[in-house]
Each structure stands twice: as C-alpha cells, then as structure tokens.
Amino acid sequence: MISYLKGLLISKNITTTGCKVVIEVNNIGYEVLINKKTYMDLPVLKSEITIYTSLLHKEDAMLLCGFLTPQERETFAVLQTVSGIGMKAALLILELPISEIISAVISENEKVICQIKGIGPKLAKRLILELKDKMMTLKNELEINVAENTSKNENFSDISQGFSEAQAVLNSLGYTCDEISLGLEAASKNVKDNNDTQEILQTALAVISGS
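Being a predicted model, the structure only gives us computed values, none of them experimental. (Residues numbered from 1 in each chain as written. Predicted model: local features only at pLDDT ≥ 70, side-chain atom pairs only at ≥ 80, totals over all residues. Heavy atoms only, no water.)

**A word on the packing of aromatic side chains**
Each aromatic ring pair is described using two quantities: the centre-to-centre distance and the angle formed by the ring planes.
Okay, so step 1: Tallying each qualifying case throughout the model produces two aromatic pairs.
Okay, so step 2: Ring centres of Tyr 4 and Tyr 52 lie 6.2 Å apart, and the angle between their planes is 55 degrees; this geometry places the pair in the tilted category. Here Tyr 4, found in strand E1 (residues 4-15), pairs with Tyr 52, found in strand E4 (residues 48-57); they are 48 residues apart in sequence, far enough to count as distant.
Okay, so step 3: The class for Tyr 52 is partly exposed, based on a relative accessible area of 24%.
Okay, so step 4: On the basis of an interplanar angle of 50 degrees and a centroid distance of 4.9 Å, the ring pair of Phe 67 and Phe 76 is categorised as tilted. (Phe/Tyr/Trp six-rings, centres within 6.5 Å; stacked < 30°, edge-to-face > 60°. Helix = DSSP H or I, 4+ residues; strand = E, 2+ residues; numbered from the N terminus. Buried < 20%, exposed > 50% of the residue type's maximum accessible area, 1.4 Å probe, protein only.)

Have a look at this one:
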C-alpha cells in the first residue's frame, strides 16, 4: 500500500468528474484523486507537498485518492464500509469537517448528512445505522474533539423529558452541538416549567438565532 506521497505539486485540476493532482516523486508523476476541499487547501504549483493516500482496486483500474491529513484518510476508509457509499460519495462527504461528520452520525443528525450532494434520507439513515459505533471508535482513535459538545447535549436530556424532547427537535433541525448547548443552557436558566417542551424550544431558538 502507498501510505503517502511526498514530492512536488506538478498540476491541479477540476474536471467534470472531480478534482485531481499530479505529484512528482523521484521523477515519477502520480495522479491522485481529491475532493474540492482538499483542492482549495493546496499550495501553489511546484511546492513540496505531502499527500496521504488510499489505493483503490477497480476492475479496470487502480486509483489513488489523496488527503492532506491521515485523519481524513482514516475517515474515508470507514465511510466506504457502508453499503452504497463508494469512492465518490466518500470524497464528497469529506468536504465537511471530520468533527462535523462524526458529530452528525453520533447524534443521528440526518439533516447534516443530507446536505451532501447525492446523499438522500434513505442513505443517510443507513450511514448512521452502520457507522454510529465505528464513529465513536474513530473519534477516540483520532482524538477528534467532538466529545465535549456531545456530552453537553446529553447532559441536558437528563434535566427532564421536556429538555430531552427539545434536544431531539433541535438535532432534527440541523443545529450544531455548540448551538444546541448554548440554547438549552439559556433555557435551563429561564424557563418556568422544565417539562414545557414548547417554552424550552422557544427560549433556545431565540438564543440560537440571536433574538
């Protein structure tokens, strides 16, 4: 397996089928497929660069996919274990920050996942179902800092059934863990009835929206 390439960035292109670069290592040019996020973060041509790679075997070709961090490469490998998530879909998903991907899966936030081109509700549900445990493991292995936000969210559900229901609604609306924590923390200090889901939501949403 080719773990990484360290060499000169010879070319970078956006085509109708995706993005790719050519890295020259010891007078050999390696073509590497990347996503738009990686493309935007590339240095200028002729710069020395390290690309972490994943080698894929197809029936008619061998392809190298590239990432700027080993964490992205590991997440790419995990994403492809889901039925229906191939190379292109995994690269598209990784245009989101890894912490956001992991947080969305762990919190079962389908809305975040469905914003990715080509990922519909059915595939998002399957991704969450098949990856929730793996993402928890990946979070720990890569030391991705989503634990603090997640725990804040979980703690609020312990206050009352009303807070638990409000948390679920905010998750379904696609708000981030930070936003939910901010809103529910304000609600915990201001609502009169901890079981009044509607009041909790109104208070939390007012804070989140900056009203």
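**Observations regarding the side chain of Arg 73**
Okay, so step 1: Assignment of secondary structure puts Arg 73 in helix H2 (residues 70-79).
Okay, so step 2: Setting aside anything within four residues of it in sequence, one finds Arg 73 in contact with Ser 3, Tyr 52, Thr 53, Ser 54 and Phe 67. (Contact = heavy atoms within 4.5 Å.)

**Structural notes on the nonpolar core**
Within soluble globular proteins, side chains that are nonpolar generally end up buried alongside one another.
Okay, so step 1: One finds Phe 76, Leu 79, Ile 85, Ile 119, Leu 127 and Met 135 to be the most contacted residues of the largest nonpolar core, which totals 33 residues.
Okay, so step 2: Contributing elements (two or more residues each) for this core: strand E5 (62-67), H2, helix H3 (87-93), helix H4 (98-106), helix H5 (110-114) and helix H6 (121-142).
Okay, so step 3: Setting aside its immediate chain neighbours within four residues, Ile 85 contacts Leu 79, Gln 80, Ala 90, Ile 93, Ile 119, Leu 123 and Leu 127.
Okay, so step 4: Counting 13 residues, the second largest nonpolar core, distinct from the first, contains Leu 5, Val 21, Ile 34 and Tyr 39. (Core = buried A, V, L, I, M, F, W, Y, C linked by side-chain atoms within 4.5 Å.)

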